[in-house]
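Residue-level listing of the chains:
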Amino acid sequence: MLSIFSYAFQAIAPILLLILLGYFLRVRGKFPADFFPTVNRFAFHYSFPALMFVNLYSLDSIREIDLQLTAYLLASLVVITVVSILLANLVTDVRNRKGVLIQAGFRSNFAIIGLPLAEGLLGTAGVTVAATLQAPIVIYFNVVSVLALTVYADHAQLQPKKILKSLLQNPLIQGLVAGVAALIIREWIPCRADGTLVFSISGTLPWLYTTLQYLARIATPVCLIMLGGQFRFSAARGIRKELISGVCMRLILAPVLGFGMAFAAAHFGLLDLSPTAIGVMIAAYGSPIAIASSVMASEMHADDVLAGQIVVWTSLLSMITIFLMVILFRSIGML
């Protein structure tokens, strides 16, 4: 049992310590007031697109993508989204809070916390599989978030051109699209006699690829520190019912539904529940809501106060729920 606790702690501890570092640095006044939005914008527009691209480009081939696991995760996210829509309409009558709650149900912080968690649980194999899932999952998160927040805005107006423009201008999606395009193009590039590609970014333009790698490496630690620095434990008067519901939807409902469907799919021979698949699912279902969800809620005239509080509390409490999930699956020999 001690080894199980040690395994879970070693996977969670680096993430938790970076978040705590950010919190205590902010409490001690080490960060100026404009530090957080400035660094967040830098990470969002430069580091994370680089991370999305490098993670995909580092794959040997687009054939490494696990189509079975990808299809299952997307299907399960659709189900979780539908259940979240039903619950959001039951929980609150305030229109601009419904989209925020729907987003809390299906949208995890897979890019920031999910990837290092997969690495902590599974090592290099976890990062490789998680990287192949980034494109479909992050695209799904962004597309459905825009739709949910638009439909339930105070003055709902579905403007397809505006939504499409917003998605195309999203730096994370741009990085993912560039990575997928590079993988596809690589399949058509001829090889030399020794088996190496005639042209590759890493081989032909190493100075550019190294720069992208530097930007990618700082993305996760910087955003975890920023996440801790933005913790505010202020009372959320007037939104407690919605806040509790949103936290429960993200940290309890999503993992229960996701893993419940996974076990059912495995029972019927539709899914292979390998340790790698379990680890990636913990990262996809158990991670807190994405930090970008609060920014998106504010820009789309949803309840950004509620969205911000859900980010804070799911980020804090997920350290407990993820720890418990790791212990559970480790103890029954599935991880």
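For the structure, see preceding data.
Calculation rules
Residues numbered from 1 in each chain as written. Predicted model: local features only at pLDDT ≥ 70, side-chain atom pairs only at ≥ 80, totals over all residues. Heavy atoms only, no water. Phe/Tyr/Trp six-rings, centres within 6.5 Å; stacked < 30°, edge-to-face > 60°. Helix = DSSP H or I, 4+ residues; strand = E, 2+ residues; numbered from the N terminus. Buried < 20%, exposed > 50% of the residue type's maximum accessible area, 1.4 Å probe, protein only. Lys NZ or Arg CZ within 6 Å of the ring centre and 35° of its normal. Expected span 1.5 Å × (residues − 1). Axes fitted to C-alpha atoms, helices over the stretch in contact; angles between N-to-C directions. Parallel < 35°, antiparallel > 145°, perpendicular 65-115°, else oblique. Left-handed = near helix turned anticlockwise from the far one by under 90°. Contact = heavy atoms within 4.5 Å. Nonpolar A, V, L, I, M, F, W, Y, C, P; charged D, E, K, R; others polar. 1 Å grid on protein atoms, 1.4 Å probe; cavity = no way out; pocket = protein on both sides within 12 Å on 5 of 7 lines; lining within 4 Å. Points joined across faces, edges and corners; volume = space filled by probe spheres on them. Core = buried A, V, L, I, M, F, W, Y, C linked by side-chain atoms within 4.5 Å. Bend = angle between axes of the 7 residues up to and from the residue. Salt bridge = Lys/Arg side-chain N within 4 Å of Asp/Glu carboxyl O.

Enquirer: Just checking my understanding: could you explain the packing of aromatic side chains for this structure?
Expert: Each aromatic ring pair is specified by the distance between its two centres and by the angle formed by the two planes. One pass over the full model with this rule turns up 10 aromatic pairs. Here Phe-53 and Tyr-57 contribute two aromatic rings whose centre-to-centre distance is 5.4 Å and whose plane-to-plane angle is 15°, an arrangement assigned as stacked. Pair noted here: Phe-53 and Tyr-57 are both in helix H2 (residues 35-57), with a separation of 4 residues, about one helical turn. For the pair Phe-53 and Tyr-57, a shared accessibility class is recorded, and that class is buried. In this structure an aromatic cluster arises from ring pairing among Phe-259, Phe-263, Tyr-285 and Phe-329. When the ring centre of Tyr-57 is taken as reference, the NZ or CZ atom of Arg-186 above it lies at 4.5 Å.

Enquirer: How should I be thinking about helix H10 (residues 206-229) in this particular structure?
Expert: Its 24 residues place the ends of H10 35 Å apart at the C-alpha level, agreeing with the 34 Å of an ideal helix rising 1.5 Å per residue. Those residues of H10 not exposed but buried are Tyr-209, Ala-216, Ala-219, Thr-220, Cys-223, Leu-224, Ile-225, Met-226, Leu-227, Gly-228 and Gly-229.

Enquirer: Is there a simple way to think about the packing of helix H5 (residues 110-122) against helix H6 (residues 124-151) in this case?
Expert: Two measures define how a pair of helices packs: the angle their axes make with one another and the distance between the axes. Relative to each other, H5 and H6 sit at 160°, their axes nearing to 8 Å. It follows from the interaxial angle that H5 and H6 lie roughly antiparallel. Pair H5 / H6 crosses with right-handed handedness. For the pair formed by H5 and H6, the contact residues are Phe-110, Leu-115, Ala-118, Glu-119 and Leu-122 on the first element and Thr-124, Ala-125, Gly-126, Val-127, Ala-130, Ala-131, Leu-133, Gln-134, Ile-137 and Phe-141 on the second. Here the contact of H5 with H6 is built from residues that sort into 11 nonpolar, 3 polar and 1 charged.

Enquirer: Is there a simple way to think about the layout of surface pockets in this case?
Expert: Empty space among the atoms becomes apparent when a probe as large as a water molecule is rolled across them. Of the pockets and cavities examined, the second largest pocket occupies roughly 230 Å³. Among the elements that line the lining of the second largest pocket, the one with the most residues is H10, at 4 residues. Classifying every residue of the lining of the second largest pocket by side-chain character gives 6 nonpolar, 3 polar and 2 charged.

Enquirer: How should I be thinking about empty space enclosed by the protein in this particular structure?
Expert: Counted by the stated rule, this structure contains 1 cavity of 30 Å³ or more. Empty space within the largest cavity amounts to approximately 30 Å³. Elements represented by at least two residues in the lining of the largest cavity include exactly helix H3 (67-91), H6 and helix H12 (275-286). Class assignment for the residues of the lining of the largest cavity results in 6 nonpolar, 1 polar and no charged.

Enquirer: Can you walk me through the nonpolar core in this structure?
Expert: Where a protein is soluble and globular, its nonpolar side chains tend to be buried together. Phe-48, Leu-73, Phe-110, Met-281 and Ile-282 are the most contacted members of the largest nonpolar core, which has 98 residues in total. Setting aside residues no more than four positions away along its own chain, Leu-73 makes contact with Leu-133, Ile-137, Val-280, Met-281, Ala-284 and Tyr-285. By size, the runner-up hydrophobic cluster in this structure holds 5 residues, among which are Phe-31, Phe-36, Ile-225 and Met-226.

Enquirer: Honestly, the side chain of Asn-55 in this entry has me stumped. Any pointers?
Expert: Assignment of secondary structure puts Asn-55 in helix H2. Its relative accessible area of 13% is what places Asn-55 among the buried residues. If we ignore the near neighbours within four places in the chain, the residues touching Asn-55 are Leu-115, Ala-131 and Gln-134.

Enquirer: What exactly am I supposed to notice about the packing of helix H4 (residues 95-106) against helix H11 (residues 240-267) here?
Expert: For the pair H4 and H11, the least separation of the axes is 7 Å and the interaxial angle reads 25°. When the axes of H4 and H11 are compared, the pair comes out roughly parallel. For the pair H4 and H11, the crossing hand works out as right-handed. Here H4 contributes Arg-97, Leu-101, Ala-104, Gly-105 and Phe-106 to the contact with H11, which in turn contributes Glu-242, Gly-246, Met-249, Arg-250 and Ala-254. Taken together, the residues of the contact of H4 with H11 break down into 5 nonpolar, 2 polar and 3 charged.

Enquirer: It is not clear to me how H11 should be interpreted in this structure. Could you clarify?
Expert: For an α-helix the count is 3.6 residues per turn, leaving residues at separations of three or four pointing the same way. For H11, which comprises 28 residues, the first-to-last C-alpha distance of 39 Å matches the rise-based estimate of 40 Å (1.5 Å per residue) to within 8%. Its maximal kink placed at Met-249, H11 deviates by approximately 40°.

Enquirer: I would appreciate a short explanation of the pattern of salt bridges in the present structure.
Expert: One side chain can pair with another of opposite charge once the charged atoms of both are near each other. Taken as a whole and assessed by the stated rule, the structure comprises 2 salt bridges. Residue Arg-97 is joined to Glu-242 by a salt bridge in which the shortest nitrogen-to-oxygen separation is 3.1 Å. Of this pair, Arg-97 sits in helix H4 while Glu-242 sits in helix H11, and the two are 145 residues apart along the sequence. Here Arg-97 and Glu-242 have matching classes, each one buried. Across the pair Asp-303 and Arg-97 runs a salt bridge, and its minimum N-O distance is 2.8 Å. Here Asp-303, found in the loop between helix H13 (292-299) and helix H14 (304-331), pairs with Arg-97, found in helix H4; they are 206 residues apart in sequence, far enough to count as distant. Here the residues in one salt-bridge network are Arg-97, Glu-242 and Asp-303, joined through shared partners.

Enquirer: Even after reading the chapter, I still don't get the environment of Ile-62, so can you show me in this structure?
Expert: Along the polypeptide, Ile-62 turns up in the loop between H2 and H3. Excluding residues that lie within four positions of it along the chain, Ile-62 makes contacts with Leu-183, Ile-184 and Glu-187.

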